[in-house]
Amino acid sequence: MARILIADDHEIVLEGIRTILGRAGRDWEICGEARNGRMAVEMVRTLKPDIVVLDVTMPEMSGLQAAKQIALGGTACRILIFTMHESERLSAEVRQTGAHGYVLKSQAARDLVRAIEYLLGGHTFYGAPPEAAPASKTNLGPAKFFVQALAMG
Amino acid sequence: MTVSVKSKAVFLSAILLLCLCAAASYLSFYYFRASERWVSHTQEVRAVTGDVEQAVNEASRERLSYLIGGDESALGRYRAAVAEVNERMQTLQTLVPDNSVQSANASQLAQVTHDRLQTWEEAIAKKQRGETVDVSQLTRQNLELAARSEAASAELRDEENRLLPSRMASAHHRFLLTSTMVVGSFAVAILLMLYYYRLLQQELQLREAAERLSTAAYEQEVRLRQEEQRFRLFIDAVKDYAIFTLDPKGRVSSWNEGAFRLKGYTADEIVGRHFSVFYPQEDIRRGKPQMELEVAKKEGRIEDEGWRLRKDGSRFWANVIITAIRDSAGEIIGFSKVTRDFTDRMRAQAALQEANINLLAEVKERKLAEKKLAGSEKSLRELSRHLLRSQDEERRRIGRDLHDSLGQSLAVLKMNLDSLDLQVGTEQNGTARAVNSCVNLAEEALREVRTISYLLYPPMLEEMGLKSAIPWYLDGFSKRSNIKTSLEVDPCFDRLPPEVELALFRILQESLTNIHRHSGSATAKIKLSLANGWAAMEITDEGKGIPAGLLEQSGEDWMGSLGVGLRGMNERMRQLGGRLEVSSTENGTVVTAGVPAEKVQARLNRTA
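Residues numbered from 1 in each chain as written. Chains lettered and ligands numbered in written order. Predicted model: local features only at pLDDT ≥ 70, side-chain atom pairs only at ≥ 80, totals over all residues.

### Let's talk about the sheet that holds strand β10 (residues 588-596) of chain B
All names here are of chain B. Spatial strand order, β6-β7-β8-β10-β9: five strands in an open sheet with mixed pairing. Edge positions in the open sheet fall to β6 (484-489) and β9 (579-585), since each of these has one partner strand only. Taken over all neighbouring pairs, the strand axes of this sheet differ in orientation by 10° on average, direction set aside. Judged from the seven bridges that link them, β9 and β10 form a sheet pairing that is antiparallel. What sits directly across from E581, in β10, is T592. Set on the sheet, helix α12 (residues 466-481) makes contact with β6 and β7 (523-531); between it and β6 the angle comes to about 170°. (Pairing = 2+ DSSP bridges. Helix = DSSP H or I, 4+ residues; strand = E, 2+ residues; numbered from the N terminus. Axes fitted to C-alpha atoms, helices over the stretch in contact; angles between N-to-C directions. Contact = placed C-beta atoms within 7 Å.)

Right under this line is the structure:
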């Protein structure tokens, strides 16, 4: 069973995420909900989720900054950016933070479940499934994820 | 010895020497003549001796002829010859007394001659007595005596010849001596004369120098007198100043034309009177005249301004300078007083003062007005700053609100619609189409909201900074405007204070809007740089440029939407201590916004 931490400062968005994930019928558990970036970083450290879904625009600390800190924190937690911002730049920005993928909020119904699956499977998801995910990337251990995160950040 | 005594002595000495010289020359001449005399003396002695002999021979002959012939005439001739002999003999005697030898010789000759004559007389006497005379015996006797006589004569002559050289040598010697004396004394006299001449020269020079000195002194005195005269004339000629002197007691002792003109008194009227007559009664009561003299005595001079009286009693405003005059010993010998009529000046000054006061009041008023103006300008600037800030704040709030609440709601709405769509997706009925259209509508609304919010407030600016926010913005701008944009960022260009980043971003937005609306350029180049502590953003287009005249107007007068925009940009930079430069040609425009990056933080801290 995968444990998921979700972070967004809007209750309605959290509600939406819960709905989508609940409807997906996977063996997933939402282990916590953070309302800002700082809280998200803290909860990743205490709850040790398998994956964290981060909104970008949040008070106190943005999702991108939180992603950076989480990636540098040395956890095995996978990081998925979940954002309203739609831009060709997003991919590069997200990669720079050390996050493993992003999903646009407008495409949540279509992509969120898929992206979580990809990330949990050791792959990345930058707005779309990886073109040709190398076999070696599958089933990576937590240590490898950290190294990869460092390399990307 | 003074020079004159000395010169006198020298002169007298020279004269004496010259006398000596004359005497010596006389002596010299005398001795020269003496040697000649000695020669003639010798000749004379010899001649007289010869004469004696001749006379003796004559007498001898006549005696003989008498003795032999008995001729009485012969006897007469004999007597004459004897007389001749005696006469000559006497002459000879007178010639030789200076020399003992010659005297002796002469006496010898005389003796012999006397002896001969005696024998002759005896023979004659015998004859006369008629006795016979033995002539031959007589002749023998006579021969002996004749021989002795001849010897004596020869002795005389020889001695005389012998004496001649020594006598001549002696005379010559004396001649030489006296000649030497002549030459010597003459030479010394000449030298003394020369010396005397020199002394005279010196004295002459001294006298000339003294004369010159006295002449110079005289001329100096004449000049001084002239100067004094001129000065007096000058003082008299001064008409605008009353210049006069006071004696130590304060009585007027001299008076010039100016004083007459100023005060009305003539010199005759005022000289000798006390100068307090020039002062008004109240000053005299306070003892002012005497006090001024005291101050002048003590301080050397006093300057005063105040009312004074003319002869006719009218007043004038006077500037007075009293100066103490002291003699060489430092004793006060009087005072000089210079008085000027300052009435006009005083009035002018009063008027000036009044004008000055008015001017000062005016200046004060103006300053107040200026201050007010500056205050209102300041409040205007503050207002504009406040407006910009509140505009930024408003935009940011609306942008955030749109993005956060409406945007999020729309996003979730779309999520839900998507889910619904997936559920009904396969069915081809009205519900499915309606759901599908709702999905599209929601997506469009979401995009619209996002675009508007991005324009209102740049996404990512606070989170990621200019380096990230600008590309995000450029992407959207390029899509909307079809203008190709490029961004060049210095590697060292990093985060700046939020206010600076926002200001630069707004300037970028404004510039790009201007490029889009006005320039017609197909491209826009943005460059971010950091150099010399200045963070700069340069926006270059290739459009037609800003119309001439718009830029030439001062920033305060820019008009129209472009002008307002530029003004806003300018104001933003000004608030941050930065600069905005716009240069435009027909080939494009370059907008450069620069901010002193290091100073900005401090400035913001201070104003915060």
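### Notes on the pairing of strand β2 (residues 252-255) of chain B
Residues and elements named next belong to chain B. As paired elements, strand β1 (residues 241-246) and β2 share three bridges and run antiparallel to each other. Bridged to T245 within β2 is S254. Remark: five residues form the turn of the hairpin made by β1 and β2, two consecutive strands paired antiparallel; G250 in that turn has positive phi of roughly 100°.

### A few points about the environment of B:L27
Examined against the element boundaries, B:L27 turns out to sit in helix α1 (residues 3-69). For the pair B:L27 and B:F175, spaced 148 residues apart in the sequence, the C-alpha separation amounts to 7.5 Å.

### Considerations on unusual backbone geometry
Backbone geometry follows two general trends: most residues other than glycine have a negative phi, and most peptide bonds adopt the trans configuration. The phi dihedral of A:K48 falls on the positive side, at around 45°, and the residue is not glycine. With respect to the helices and strands, the residue A:K48 is situated in the loop between α2 (37-47) and β3 (51-55). The residue B:N482 is not glycine, and still its phi comes out positive at about 65°. Along the chain, B:N482 falls in the loop between α12 and β6.

### Comments concerning helix α8 (residues 288-299) of chain B
Every α-helix winds through 3.6 residues per turn, so residues three or four apart in the chain are directed the same way. Residues and elements named next belong to chain B. An ideal rise of 1.5 Å per residue puts 16 Å on 12 residues; α8 measures up with 16 Å between its terminal C-alpha atoms. Elements in contact with the buried residues of α8: β3 (301-309), β4 (315-326) and β5 (332-341). One or two positions beyond α8, positive phi appears at G300, with a value near 100°. (Expected span 1.5 Å × (residues − 1).)

### Focus on the environment of B:A593
Residue and element names in this part refer to chain B. Among the secondary structure elements, A593 is positioned in strand β10. For A593, a count of 26 C-beta atoms within 10 Å corresponds to the buried category. Between the alpha carbons of A593 and A503 there is a distance of 9.5 Å; along the sequence they are 90 residues apart. Residue contacts for A593: discarding those within four places in its chain leaves L504, I507, A536, M537, M569, M573, G578 and L580. (Buried ≥ 20, exposed ≤ 12 C-beta atoms within 10 Å, placed from the backbone.)

### Brief notes about the interface of chain B and chain A
Taken together, the contact between chain B and chain A spans 24 residues of the former and 23 residues of the latter. Counting residues per element, the side of chain B that touches chain A draws most heavily on helix α9 (residues 343-424) of chain B, which supplies 13 residues. Its residues assigned to classes, the side of chain B that touches chain A shows 10 nonpolar, seven polar and seven charged. (Nonpolar A, V, L, I, M, F, W, Y, C, P; charged D, E, K, R; others polar.)

### Some thoughts on the environment of B:L117
All names here are of chain B. Tracing the chain through its elements places L117 in helix α3 (residues 100-128). For L117 and V56, which are 61 residues apart along the polypeptide, the C-alpha to C-alpha distance reads 8.3 Å. Excluding anything up to four places from it in sequence, L117 contacts V82 and V85.

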